[in-house]
Amino acid sequence: MGYDKFSETIYHGRFSQMLQGKRIDIPVSLEAAWGQSVHWQGRGFEGAIEKPTWLAMNLINMVSTRDAQTVEHFHCKYDYHAEAMADPYHCPHIINAINHTQNCAEIKDSIMSCEWQSPDLWWPSMEAEMYEAATGYPMTSEELEEDAIRSKLLFRAILIRGYGRTRRKEIESIWRTISIPDSWNEVADWKLWNEMVDLYYESRGWDLETGWPYRETYEKYGLKDIADEMERLGFLPVHPKHRWHDYGNPPHAGFVENRKRESEKNKV
């Protein structure tokens, strides 16, 4: 749209939460991932969000195809707040909460659960009880969660087979957003962010280098036919001998770095 012409109007009043009211220089258009604008990701209008939460929300958007926060608002118990703030990239409670949020989103998109009441962290059987009340068929929360994971795996296979989804594509889609400062002037760290993605992929049974599920992951949830098809197409990874960690370099410089370079050029 043109930073110089429009930004002062659109982002009037955008101030840092912690830097004595200092203005934060951010782009006019913030893209979260896959062409979507940011939504509860610590930037833009809804900026005052703590780092553990926006890291989680950006990871959720990274593996989606749209604005995931329509049904995947991140939920985590406050019991883990201190641990999450101390090391948000490696906190297992955040990874568990991301998985729970995503699984509940699959349920919400498939049956009758409401975005505003689900997931209820203190009533984990709510969706199963609602399902049984509405249909008459008994369903445990464990069975419902397995169905949600199966649904997520099917969608993952579609993204890989039909759209060439890989780890690198996901990182490139989200990195620009989290390299822009939040309201506390915080950005993501490239190495630590990749380590967080590692933890998430491993929790899902996905290969670290490609982001593709392993055969045993598919078969664990009754999807042997999908694993066979993915193997035939060349999309079934083999377990590496050593844990992969070749993150390479960031896909591009963050917005702030680019602005600094432009300023230096103008001075010259």
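This text follows the structure it describes.
In this text the structure is predicted, and so the values were computed from the model without any measurement. (Residues numbered from 1 in each chain as written. Predicted model: local features only at pLDDT ≥ 70, side-chain atom pairs only at ≥ 80, totals over all residues. Heavy atoms only, no water.)

(A) Inspection of the packing of helix H4 (residues 92–110) against helix H6 (residues 141–163) at higher detail. Relative to each other, H4 and H6 sit at 90 degrees, their axes nearing to 8 Å. Relative to H6, the element H4 lies roughly perpendicular. The segment H4 lies against H6, with Gln102, Asn103, Glu106 and Ile107 engaging Leu144, Glu145, Ala148, Ile149, Ser151 and Lys152. Grouping the constituent residues of the contact of H4 with H6 by class yields four nonpolar, three polar and three charged. (Axes fitted to C-alpha atoms, helices over the stretch in contact; angles between N-to-C directions. Helix = DSSP H or I, 4+ residues; strand = E, 2+ residues; numbered from the N terminus. Parallel < 35°, antiparallel > 145°, perpendicular 65-115°, else oblique. Contact = heavy atoms within 4.5 Å. Nonpolar A, V, L, I, M, F, W, Y, C, P; charged D, E, K, R; others polar.)

(B) How the structure looks around the state of the cysteines. Following the criterion strictly, the structure yields zero disulfides and no others. As a non-bridged cysteine, Cys76 has Cys91 as the owner of its nearest cysteine sulfur, 6.7 Å distant. Taking the relative accessible area as the measure of exposure, Cys76 reaches 30% and is therefore partly exposed. (Disulfide = S-S within 2.5 Å. Buried < 20%, exposed > 50% of the residue type's maximum accessible area, 1.4 Å probe, protein only.)

(C) Region of interest: the nonpolar core. Ile98, Trp193, Met196 and Tyr218 are the most contacted members of the largest nonpolar core, which has 47 residues in total. When residues in this core are grouped by element, the largest group, seven residues, is from helix H2 (residues 51–62). The residues contacting Trp193, other than those within four sequence positions of it, are Leu55, Asn58, Leu59, Met62, Tyr89, Ile171, Ile174, Trp175 and Ile178. Residues Ile107, Ala128, Met139 and Ala148 belong to the second largest nonpolar core, which totals five residues. (Core = buried A, V, L, I, M, F, W, Y, C linked by side-chain atoms within 4.5 Å.)

(D) Structural detail: the environment of Ser110. Along the polypeptide, Ser110 turns up in helix H4. As for Ser110 and Ala148, which are separated by 38 residues in sequence, their C-alpha atoms are 8.8 Å apart.

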